[in-house]
Amino acid sequence: MSKYHRPDAQTIQSLKDIANKLRIHSIEATNASNSGHPSSCCSAAEVMSVLFFNTMRYTIKEPRHPNNDRFVLSKGHAAPILYAAWAETGLFPTSELLELRKLTSDLEGHPTPRLNFVDVATGSLGQGLSCAAGMAYTGKYFDKSDYRVYCLIGDGESAEGSIWEALAFSSRYQLDNLVAIFDINRLGQSEATSLGHDVDIYKARVEAFGWNTYVVDGHDVEELCKVFWEARQVTGRPTCILAKTFKGQGIPGVADAENWHGKPLGDKAKEAIAAIRENIANSGPHNLIAQQPTLDLSPVNTHVELSAAPSYKLGESVATRLAYGTALVKLGKANNRVVAMDGDTKNSTFAQKFKDAFPDRFIECYIAEQNLVGVGIGCATRDRTIPFISTFAAFFTRAFDQIRMGAISQTNANFVGSHAGVSIGEDGPSQMALEDLAMFRTIPGSTVFYPTDAVSTERAVELAANTKGVCFIRTSRPNVPVIYKNDEPFAVGKAKVVRSSPSDQVTVIGSCVTLYEAIKAADTLAESGINIRIIDPFTIKPIDAETIIANAQETNGKIITVEDHYAEGGIGEAVAGAVSGQSGIIVKRLYVPEVPRSGKCEELMEKYGISASCIVKAVNSILSI
């Protein structure tokens, strides 16, 4: 092991001075905006100073260079001190800090990747460590690089279970390039945190998760310099630094005092700044420059095509979840930056096929869906991988906040949810995704795929890999017939007319299991002389309004939607929204109307009104209008 060299006295003093300058910047910025969290910034000042001006390796010219060390501010409300640190590096003028929280400024109340030095949005607490773990996993196992990842966590947010999911994950995968710093300043938003300053309990808990752990005085720059150096020497385990600090440190009357969370100092600012300046030895420019990394990583090619076209026989019965696994392997063959992860459901989602083909590019995240999503978002940062994240679609609901924050993070992560709807059968309602389309449709900029057969599923996977933003692919459990030829082209926002005739009287729109029920219904109706048109939307967002409207106008303005989903937010509402500006079009919606129960697939679809016989009744009903 190399020997630690203590920074000289001048460097130590400069780090102290920078910490106090960061405090002043945070106070001035929050006062200028008349909002923000200066006390939360002040507790982390020394940690930020040592990280940015002694420990981390990065190039200021390109803050997101793939070789740079990463920093995640999980306690996102302390954004002003992050902005101040980057301003002190010289990235932008410190005068811009006074634009904090203004509509014309990217220095928002909490960090977002609108800023070129932010990888993931934070502010919804408890999420930063999972994202940092995904970055660290990428660095160690995919990039095979020496960059390190640092994550600053508030003690209040450590009550979130997702923090502990991330702790378990990081230890499991020996992420020795990851350092978590707990800013233990004792005070939460409304009262003291549950553990206060009991650092021994924190230490026992974190060590129980297998982390190399240190307890330090978070306001002692010399101690911080040494412990960050020691963390770099550790192999086989991530490191946690438990920094005992004081909220509002350096501010008379505010330090360690309750009722100062989220409040600018107002009239107290002048006095506070004067007191802090008394501790600054050199108020002029500092001469500390970040260590430079070795710039040997190149940008990743994030374009990918299936290594081979779909190869199915028309009428062959294949579950779309199985076709997902097949397509994922094809993408993996075509691009070695395609990675996959799952929450211990890989033998059901068929992500297992990818693991079998590329075990070094598969991440088992176990039954911890919030961390699963966070890790995937972390892997996607800086475009270092093309991640596919799978589990039962119902279980993504517990990670909705992480997915929502992923959109704010401008992530290009792909989510694949299997076992959708009552068609899964006997497992019952806890396993049936009946809200997933609604959930993913609400995500800004998202693309929601609902492929009907194996061919369209493979193309959905290929398209998702090349589509910016959050993508969701809904797959189903039952085997369904292949209806598309292997060379059928597919595109985002383009529906397919599956069945049509000049005498069609109603347009029926369904996906996967309900589309096949519509085909059965069409055969039954044809026997009585009634023809219906059938549309497969392929993507529920964006919905192909042009195709739907044109076909509705050719079928007397009558549309029936049928979906294995609750009424709210699914196919029916997407279609109704698409035609809402058109006169002479009516939409009748079939959907699962209540919490279902266990039973066979066919029984459940009949009971809840989405079977072929129910479609026949709906067609006869709408024709009578």
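Reference entry: report on the structure contained in this document. Predicted model, so just to flag it, every value in this text is computed and none were measured. (Residues numbered from 1 in each chain as written. Predicted model: local features only at pLDDT ≥ 70, side-chain atom pairs only at ≥ 80, totals over all residues. Heavy atoms only, no water.)

So, the sheet that holds strand β15 (residues 506–510)
Backbone hydrogen bonds are what pair the strands of a sheet, in a parallel or an antiparallel way.
Step number 1: On the basis of which strands lie adjacent, the open sheet formed by five strands has the order β14-β16-β15-β18-β19 and mixed pairing. Edge strands, defined here as strands with exactly one partner in the open sheet, are β14 (496–499) and β19 (586–590). Averaged over all neighbouring strand pairs, the angle between strand axes comes to 25°, with direction disregarded.
Step number 2: Sheet contacts for helix α17 (residues 513–527): β14, β15, β16 (532–536) and β18 (558–562); angle to β16, the most-contacted strand, approximately 170°.
Step number 3: Across the face of the sheet, helix α18 (residues 545–554) comes into contact with β14, β15, β16 and β18 while running at roughly 175° to β16. (Pairing = 2+ DSSP bridges. Helix = DSSP H or I, 4+ residues; strand = E, 2+ residues; numbered from the N terminus. Axes fitted to C-alpha atoms, helices over the stretch in contact; angles between N-to-C directions. Contact = heavy atoms within 4.5 Å.)

A few points about the sheet that holds strand β4 (residues 212–217)
Step number 1: On the basis of which strands lie adjacent, the open sheet formed by five strands has the order β1-β2-β3-β5-β4 and parallel pairing. What marks the edges here is a single partner per strand, and that holds for β1 (70–73) and β4. Across this sheet, the average inter-strand angle for adjacent strands is 20°, counted without regard to direction.
Step number 2: The sheet strands contacting helix α5 (residues 128–142) are β1, β2 (149–154) and β3 (178–184), and the helix crosses β2 at an angle near 170°.
Step number 3: Each of β2, β3, β4 and β5 (239–244) is contacted by helix α8 (residues 221–233), which is oriented at about 170° to β4, the strand it contacts most.

With respect to the nonpolar core
A general trend in soluble globular proteins is that nonpolar side chains are found buried together.
Step number 1: Residues L129, I363 and F415 are the most contacted members of the largest nonpolar core, which totals 109 residues.
Step number 2: Among residues more than four places away in sequence, those in contact with F415 are V373, I389, F396, I403, F440, V470, C471, F472 and I473.
Step number 3: Counting residues in each nonpolar core, the second largest holds 53 residues, with L15, C41, L107 and V227 among its members. (Core = buried A, V, L, I, M, F, W, Y, C linked by side-chain atoms within 4.5 Å. Buried < 20%, exposed > 50% of the residue type's maximum accessible area, 1.4 Å probe, protein only.)

With respect to the environment of S613
Step number 1: With respect to the secondary-structure elements, S613 resides in helix α21 (residues 612–623).
Step number 2: In this structure the C-alpha to C-alpha distance between S613 and T507, which are 106 residues apart in sequence, comes to 16 Å.
Step number 3: At 3.1 Å, the side chain of S613 forms a polar contact with the side chain of S611. (Polar contact = N/O pair within 3.5 Å; in protein donor to acceptor, adjacent residues only side chain to side chain.)

Section: helix α1 (residues 9–33)
Step number 1: For α1, with 25 residues, the first-to-last C-alpha span of 36 Å sits near the 36 Å given by 1.5 Å per residue.
Step number 2: Most of α1 sits out of view: 18 of its 25 residues are buried.
Step number 3: Immediately beyond the C-terminal end of α1, within one or two residues, lies N34, with a positive phi of roughly 55°. (Expected span 1.5 Å × (residues − 1).)

Some thoughts on the packing of aromatic side chains
Step number 1: What the rule picks out here adds up to 27 aromatic pairs.
Step number 2: Arranged with centres 5.7 Å apart and planes meeting at 75°, the rings of F449 and F538 form a pair that is edge-to-face. In this pair, F449 is assigned in strand β11 (residues 447–449) and F538 in the loop between β16 and β17 (539–541), connecting sequence segments 89 residues apart. Across the pair, exposure class does not vary: F449 and F538 are buried alike.
Step number 3: The ring of Y147 carries R70 above its face, with NZ or CZ at 3.6 Å from the centroid.
Step number 4: The residue whose ring lies beneath R474 is Y450, and the NZ or CZ to ring-centre distance is 4.9 Å. (Phe/Tyr/Trp six-rings, centres within 6.5 Å; stacked < 30°, edge-to-face > 60°. Lys NZ or Arg CZ within 6 Å of the ring centre and 35° of its normal.)

Examining the pairing of strand β9 (residues 386–392)
Step number 1: Most of β9 is tucked away, with seven of its seven residues classed as buried.
Step number 2: When strand β7 (residues 338–342) meets β9, the two strands line up parallel, connected through five bridges. Residue pairing in the sheet places V339 in a bridge with P387 of β9.

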